[in-house]
Amino acid sequence: MTEALLETRGLVKRYGPHTVLNGIDLHIAPGQMTCLVGASGSGKSTLLKCLNLLEPIDDGQILLGEEDISEPGRDPQPLRQRIGMVFQSYNLFPHMTALENALLAPRRVHRKPRTEFLPAIEALFERFGLSAHMHHYPDQLSGGQQQRVAIVRALAMKPQVMLFDEITSALDPELVGEVLDVLRQLRAEGMTMILATHEMAFARELADTICFLDGGRVIEQAPPAAFFTAPEHARTRAFLARVL
Ligand SMILES: Nc1ncnc2c1ncn2[C@@H]1O[C@H](COP(=O)(O)OP(=O)(O)OP(=O)(O)O)[C@@H](O)[C@H]1O
């Protein structure tokens, strides 16, 4: 098996008496796209938040490379720079332009003038067809453009892994495609990504691995070719067709 870039071993997460994640073992190889699928409430968002250290875990380990990033007492801030996350709601600061939004984290973290980061961030805007919108405020942008800016903002920190939590769910259907195109591009460039998604057609087209979560566990894990055709996954497919 290829060495993992990101791995979880027996990850457990509880909210009070409710065990939301009950022994999750994930093995994410570099450059791989993993899609988390499952019914609402199956724990997809919680898993992503745990991976980004936004939620403490109750048991198990999260390894980035060989480093156990889930050790209690560690400062999560530097680790969050290495694992970017994009949410369903774009969370851009409304009083800042798209460019200022993207410059904010690198400037705060590295405490250097904006000119240090400007060329790289302008190149990101260019790469994702957003150059014309760099100086626009969020309310001057469509939902799809705002979500693409949110992706650029996360990429500005040069993360090793990107997590995406239902990033197209809040968008009008005609805007979904432009955001999925950004993911296609990132995949082609070899970015390691984990997505919680209800976009099964997209998962089928692009995922290297589909993980089906239910009852706090990864019940099935397979490449799309097997997940969508193999007889042993038929029950999962039928279940997903009902709930998604
Ligand atoms: N902060 C919290 N406090 C208590 N319970 C929570 C909290 N966040 C999530 N939960 C519970 O954890 C379970 C998993 O929620 P989660 O949002 O991870 O599911 P999901 O698979 O991402 O769902 P969806 O597809 O609707 O986004 C749910 O039962 C939810 O109610």
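Residues numbered from 1 in each chain as written. Predicted model: local features only at pLDDT ≥ 70, side-chain atom pairs only at ≥ 80, totals over all residues.

### A look at the overall build of the chain
Scanning the chain from N- to C-terminus turns up 9 helices and 10 strands. Taking 18 Å as the expected radius of gyration for a compact globule of 244 residues, we find that the chain reaches 18 Å, a close match to that expectation. Buried residues in the chain amount to 37% of all 244 residues. Counting only contacts in the chain whose residues sit at least 6 apart along the sequence, the fraction spanning at least 24 positions is 68%. (Helix = DSSP H or I, 4+ residues; strand = E, 2+ residues; numbered from the N terminus. Rg over C-alpha atoms; globule rule 2.2 N^0.38 Å. Buried ≥ 20, exposed ≤ 12 C-beta atoms within 10 Å, placed from the backbone. Contact = placed C-beta atoms within 7 Å.)

### Notes on helix α6 (residues 173–188)
Compared with an ideal rise of 1.5 Å per residue, which puts 16 residues at 22 Å, α6 spans 24 Å between its outermost C-alpha atoms and is within 8% of the ideal. Buried within α6 we find Val179, Leu180, Val182 and Leu183. Taken around the axis of α6, the buried residues stretch over an arc of 145 degrees, which confines them to a single face. Those residues of α6 that are exposed and angled more than 90 degrees off the buried face are Glu174 and Ala188. Looking at the buried positions of α6, the neighbouring elements they touch are α5 (143–155) and α7 (200–206). (Expected span 1.5 Å × (residues − 1). Arc of directions from axis to C-beta.)

### A look at the UniProt feature "domain: ABC transporter" (unreviewed entry) in the chain
The positions UniProt marks with the feature "domain: ABC transporter" (unreviewed entry) are residues 6–240. Between the end C-alpha atoms of residues 6–240 there is a gap of 26 Å, over a span that is 38% helix and 26% strand. (UniProt positions renumbered as here; feature names shortened; annotations may be inferred.)

### Concerning the nonpolar core
Formed by 59 residues in total, the largest nonpolar core has its most connected members in Cys35, Leu36, Leu51, Val152, Leu163, Ile194 and Ile210. Top contributing element to this core by residue count: α5, with 6 residues. (Core = buried A, V, L, I, M, F, W, Y, C linked by C-beta atoms within 7 Å.)

### Points about the sheet that holds strand β5 (residues 67–68)
Ordered in space as β2-β1-β4-β5, the 4 strands form an open sheet in which the pairing is antiparallel. In this open sheet, the two strands that pair with only one neighbour each are β2 (18–28) and β5. (Pairing = 2+ DSSP bridges.)

### Observations concerning the pairing of strand β9 (residues 209–214)
Among the 6 residues in β9, 5 count as buried, and that is most of the element. Bridge count for strand β3 (residues 33–37) against β9 is 4 bridges, and the pairing is parallel. Across the sheet, the residue bridging to Thr34 is Thr209, located in β9. By the bridge criterion, 5 bridges tie β9 to strand β10 (residues 217–222) in an arrangement that is antiparallel. By the bridge assignment for β10, Ile210 is matched with Ala222.

### Observations concerning helix α3 (residues 98–110)
Considering bend angle alone, the principal kink of α3 is centred on Leu104 and spans about 30 degrees; proline Pro106 follows within four residues of it. Those residues of α3 that sit buried are Ala98, Leu99, Asn101, Ala102 and Pro106. Residues of α3 that are buried in the fold lie against α4 (114–127) and α5. Looking one or two places after α3, you find Arg111, whose phi comes out positive at around 50 degrees. (Bend = angle between axes of the 7 residues up to and from the residue.)

### Some thoughts on the packing of α5 against α6
A pair of packed helices can be characterised by two numbers: the angle between their axes and the separation between those axes. Where α5 meets α6, the axes come as close as 8 Å, and the angle between the chain directions of the two elements is 20 degrees. As summarised for this structure, α5 and α6 are arranged roughly parallel, according to the angle between their axes. Considering how the two elements wind past one another, α5 and α6 form a crossing that is right-handed. Contacts from Gly143, Gly144, Gln147, Arg148 and Ile151 of α5 reach α6 at Leu175, Glu178, Val179 and Val182. Per-class residue counts for the contact of α5 with α6 are 4 nonpolar, 3 polar and 2 charged. (Axes fitted to C-alpha atoms, helices over the stretch in contact; angles between N-to-C directions. Parallel < 35°, antiparallel > 145°, perpendicular 65-115°, else oblique. Left-handed = near helix turned anticlockwise from the far one by under 90°. Nonpolar A, V, L, I, M, F, W, Y, C, P; charged D, E, K, R; others polar.)

### With respect to the sheet that holds strand β6 (residues 83–86)
One open sheet holds the 6 strands; their spatial order is β6-β7-β8-β3-β9-β10, and the pairing between them is mixed. Of all strands in the sheet, those bounded by a partner on one side alone are β6 and β10. Going across the sheet, the axis of each strand differs from the next one's by a mean of 20 degrees, ignoring polarity. Contacting β3, β6, β7 (161–165), β8 (192–196) and β9, helix α1 (residues 44–51) runs over the sheet at an angle of about 145 degrees to β8.

### Focus on unusual backbone geometry
The residue Leu53 is not glycine, and still its phi comes out positive at about 65 degrees. Inspection of the secondary structure puts Leu53 in the loop between α1 and β4 (59–64). Unlike most non-glycine residues, Lys158 shows phi in positive territory, near 55 degrees. Residue placement: Lys158 occurs in the loop between α5 and β7. Its 11 C-beta neighbours within 10 Å are what place Lys158 among the exposed residues.

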